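Structural overview for review
Listed below, chain by chain, are the residues.
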Amino acid sequence: MKTKLSQRLSRLHILRSLKVRIFIIILLVGFIPTVLLRATILRTYMNRAVNVRINDIQNQCKVIANHLLTYNYLTDNSSQIINAELGMLSDLYDGRVIIIDQSCNIIKDTYGISEGKTMISEEVMRCLKGEVTSHYDAENLYIEITTPIVDTTLKQDSELYDDEDQQTQVIKGVMLTSVSADNIQTNLELLKSRAMVMQTLAAILLIAIAWVLSQILVRPFDRVTTAISGIKDGFQTEQISVPDYIETEHIVAAFNDLLGRMKVVDESRQEFVSNVSHELKTPITSMKVLADSLLQQEDVPVELYKEFMVDIADEIDRENKIITDLLALVKMDKRASDLNIESILLNELLERLLKRLRPIAKQRNIDVLFESVREVWLEADEVKLSLALSNFIENAIKYNVEYGYVKVICDADHQFALITVEDNGIGIPEEDQEHIFERFYRVDKSHSTEIGGNGLGLAIARSAVLMHRGSVQLESQEGKGTKFFIKIPLIYLRSQEGK
Ligand code: ADP
């Protein structure tokens with residue numbers, strides 16, 4: 001049972017090959033017409049041969065039928081000439097001739113076995129009414145023909161036109177001729193066997209052509225596979241090209257597109273790794289410089305030690321922040337199924353965040369305002385969302401000016417929670433706006449480092465928003481301020497989760 005099933009499956013598997021399909025199609029397209037042609041030719045030959053034979057015999061029978069009347073054979077069957085003619089006819093066609101008179105009595109049978117008997121058959125009756133019949137019995141291989149023996153006398157009718165003759169036809173009897181169709185069948189068999197040989201040769205040729213064509217036609221696809229394997233194995237780095245078919249061109253174009261995107265991803269990964277290394281190295285280098293300078297000096301005053309130690313501690317904090325942020329980023333890169341979704345009152349969450357950040361803002365006399373347009377409940381991962389929103393708000397404070405303001409608006413429409421984080425700080429130059437969500441991207445490196453940034457905050461924030469299937473937009477003018485518009489679906493779409 002199991003083996004039968006697996007056999008069937010493996011057969012089906014073969015049918016999934018384009019090569020096999022092309023092979024079968026060419027074979028069928030070539031083979032079916034030859035089979036039909038052979039059958040048609042043989043049938044036509046058969047019909048034609050039988051018809052020619054029937055015509056021949058009918059003509060001869062007509063001549064003999066006339067002679068029968070001339071020699072008055074129906075009343076006296078002793079005529080040597082007629083008997084010889086009948087004998088010749090039956091010998092020639094390997095058949096039997098029976099002469100029947102008007103009363104269905106058999107006058108003559110060339111086989112000599114039915115003379116004196118009566119013959120009543122449908123054909124004979126129809127023939128006695130003047131109909132010529134012929135019948136081919138394909139099973140027993142004989143042809144039966146009935147020919148009426150017609151006595152035609154001409155009568156001059158004086159009442160009609162002078163030259164008008166009136167014919168009267170009287171059927172005096174029937175000639176029933178049955179001849180063998182053996183030789184027709186023999187010829188047919190010969191033809192059949194020749195056709196079979198031709199057909200076999202054609203089939204062999206067809207198989208060869210089908211095989212060669214299936215190989216040739218599928219070759220470009222093999223070339224695509226080889227080219228892709230070349231890239232996979234690292235032998236080839238360039239884009240591939242197989243312009244043989246429009247289809248292969250499409251496949252290759254799609255593949256090159258994918259390859260291009262993979263290269264971009266790979267480059268960005270490499271850049272990320274080098275950025276990470278660089279960022280992690282900077283605080284360490286500073287610490288090393290600070291420590292070395294302390295070690296190289298003798299009798300260093302305690303105050304200097306303390307001052308350097310404070311700097312070293314700052315660098316450790318910086319390193320720690322980078323590592324914490326990197327870990328957060330890695331978490332954001334994970335699958336959406338890692339989200340711990342719960343129902344959150346957004347207004348409350350924002351107020352909590354602002355409460356925590358207000359003291360930092362106060363140090364620079366920055367006003368932090370909160371506008372709650374309506375109560376907004378949404379389904380989200382509270383930890384990740386808090387991290388994202390606090391990054392936006394922290395930035396608004398960090399990149400602000402003395403006595404500036406930060407305004408957070410909490411609103412929603414029927415589908416999305418809408419959070420606006422607005423500031424009137426330093427703003428972002430237009431050329432930098434498309435890059436600020438990239439990892440480690442900072443508009444002004446020195447300024448940002450001084451403020452305490454590492455370029456990861458917005459990357460983390462945006463990843464968190466995207467994980468919630470939300471979006472972030474930005475409006476900013478250098479020197480005037482920045483507005484971030486964050487949009488998050490109120491209902492988390494679980495159906496797409498992790499798929
Ligand atoms: P960082 O840790 O340096 O703040 P972010 O990813 O949070 O990194 O921000 C990237 C850069 O975008 C920052 O270095 C800063 O130059 C710019 N930026 C972000 N938010 C603001 C803002 N509200 N106003 C002005 N510039 C901003």
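Source: prediction; values computed, not measured.

**Describing the overall build of the protein chain**
- Looking only at helices and strands, one finds 12 helices and 12 strands in the protein chain.
- Viewed in the frame of its principal axes, the protein chain has a C-alpha envelope of about 165 × 60 × 55 Å.
- Of all 499 residues assigned to the protein chain, the portion counted as buried reaches 37%.
- Considering only residue pairs separated by 6 or more positions, the protein chain has 67% of its internal contacts joining residues 24 or more positions apart.
- With the model as given, the accessible surface of the protein chain reaches about 30900 Å², and the carbon-plus-sulfur share is 56%.
- Taking the average place of the 55 positive charges on the side chains of the protein chain and the average place of its 72 negative ones, the gap between the two points comes to 6 Å.

**Some words on the domain arrangement of the protein chain**
- Splitting the protein chain by domain gives domain 1 (21–187), domain 2 (247–314) and domain 3 (336–496).
- A separation of 110 Å is found between the C-alpha centroids of domain 1 and domain 2.

**Examining the side chain of glutamine 433**
- With respect to the helices and strands, glutamine 433 occurs in helix H10 (residues 430–433).
- According to the relative accessible area criterion, glutamine 433 is buried, its value standing at 17%.
- From its side chain, glutamine 433 meets the backbone oxygen of isoleucine 428 in a polar contact 3.0 Å long.
- When neighbours within four sequence positions are excluded, glutamine 433 is seen to be in contact with Ile428, Leu474 and Ser476.

**Focus: the nonpolar core**
- In terms of nonpolar packing, the biggest core is built from 54 residues, with Leu346, Phe392, Ile393 and Ile486 touching the most fellow members.
- Core analysis: the next-biggest nonpolar cluster, separate from the first, contains 27 residues, Leu42, Met46, Cys61 and Ala181 among them.

**Things to note about the packing of aromatic side chains**
- Here the structure, examined in full by the defined rule, presents four aromatic pairs.
- Summarising the aromatic geometry, the rings of phenylalanine 392 and phenylalanine 484 are spaced 5.1 Å apart at their centres and angled 50° between planes, so their arrangement reads as tilted. Residue phenylalanine 392 is found in helix H9 (residues 382–398), and its partner phenylalanine 484 is found in strand E12 (residues 481–489); the two are separated by 92 residues along the sequence. Across the pair, phenylalanine 484 and phenylalanine 392 agree in class, each one buried.
- By way of ring pairs, the aromatic residues Phe392, Phe437 and Phe484 are connected into one cluster.
- Between arginine 439 and the ring centre of phenylalanine 272, over which it is positioned, the NZ or CZ distance is 4.2 Å.

**Concerning the pattern of salt bridges**
- Applying the stated rule across the entire model yields 17 salt bridges.
- A salt bridge links lysine 288 to aspartate 292; its shortest N-O distance comes to 3.4 Å. With lysine 288 and aspartate 292 both in helix H6 (residues 246–296) and four residues apart, this pair spans about one turn of that helix.
- Judged by its relative accessible area of 25%, aspartate 292 is partly exposed.

**Notes on the sheet that holds strand E11 (residues 471–477)**
- Here five strands make up an open sheet; going across it, the order is E7-E9-E10-E12-E11 and the pairing mixed. Every other strand in the sheet has two partners, leaving strand E7 (367–372) and E11 as the edge strands with one partner each. In this sheet, neighbouring strand axes are inclined to one another by 10° on average, regardless of whether the strands run parallel or antiparallel.
- In the sheet, strand E9 (residues 405–412) pairs with strand E10 (residues 416–423) via seven bridges, with the strands oriented antiparallel. Looking across to E10, one finds that aspartate 411 is bridged to leucine 418.
- Its contacts with the sheet place helix H8 (residues 346–363) against E7, E9 and E10, and it is angled at close to 170° to E7.
- Taken strand by strand, H9 contacts E9, E10, E11 and E12, and its axis lies near 25° from that of E10.

**Things to note about helix H12 (residues 457–467)**
- For H12, a buried count of nine out of 11 residues is recorded, marking the element as mostly surrounded by other parts of the structure.
- Within the span of H12, buried status applies to Gly457, Leu458, Ala459, Ile460, Ala461, Ser463, Ala464, Val465 and Met467.
- Taken from the residues just after H12, arginine 469 is the one with a positive phi, measuring 60°.

**Quick notes on unusual backbone geometry**
- A positive phi angle, close to 50°, is found at asparagine 72, a residue other than glycine.
- Structurally, asparagine 72 is set in the loop between helix H2 (18–70) and helix H3 (80–92).
- With a relative accessible area of 48%, asparagine 72 lands in the partly exposed category.
- Within the chain, cysteine 104 stands out as a residue other than glycine whose phi angle is a positive 65°.
- Within the secondary structure layout, cysteine 104 lies in the loop between strand E1 (95–101) and strand E2 (106–109).
- For cysteine 104, a relative accessible area of 7% puts it in the buried group.

**Things to note about a nonpolar patch on the surface**
- A cluster of nonpolar residues, Leu12, Leu15, Ile24, Leu28, Ile32 and Leu36, forms a patch on the protein surface that exposes about 520 Å² of accessible area.
- Elements represented by at least two residues in the nonpolar patch include exactly helix H1 (2–15) and H2.
- Within the secondary structure, isoleucine 24 is located in helix H2.
- When its relative accessible area of 33% is taken as the criterion, isoleucine 24 is described as partly exposed.

The rules behind these values
- Residues numbered from 1 in each chain as written.
- Predicted model: local features only at pLDDT ≥ 70, side-chain atom pairs only at ≥ 80, totals over all residues.
- Heavy atoms only, no water.
- Helix = DSSP H or I, 4+ residues; strand = E, 2+ residues; numbered from the N terminus.
- Buried < 20%, exposed > 50% of the residue type's maximum accessible area, 1.4 Å probe, protein only.
- Contact = heavy atoms within 4.5 Å.
- Areas by Shrake-Rupley, 256 points an atom, 1.4 Å probe, with all protein chains shown as cover.
- Lys, Arg positive; Asp, Glu negative; His and termini not counted.
- Charge placed at Lys NZ, Arg CZ, Asp CG, Glu CD.
- Domains from an automatic or database assignment.
- Polar contact = N/O pair within 3.5 Å; in protein donor to acceptor, adjacent residues only side chain to side chain.
- Core = buried A, V, L, I, M, F, W, Y, C linked by side-chain atoms within 4.5 Å.
- Phe/Tyr/Trp six-rings, centres within 6.5 Å; stacked < 30°, edge-to-face > 60°.
- Lys NZ or Arg CZ within 6 Å of the ring centre and 35° of its normal.
- Salt bridge = Lys/Arg side-chain N within 4 Å of Asp/Glu carboxyl O.
- Pairing = 2+ DSSP bridges.
- Axes fitted to C-alpha atoms, helices over the stretch in contact; angles between N-to-C directions.
- Patch = residues over 30% accessible without salt bridge, like charges linked within 9 Å, V, L, I, M, F, W, Y side chains within 5 Å.

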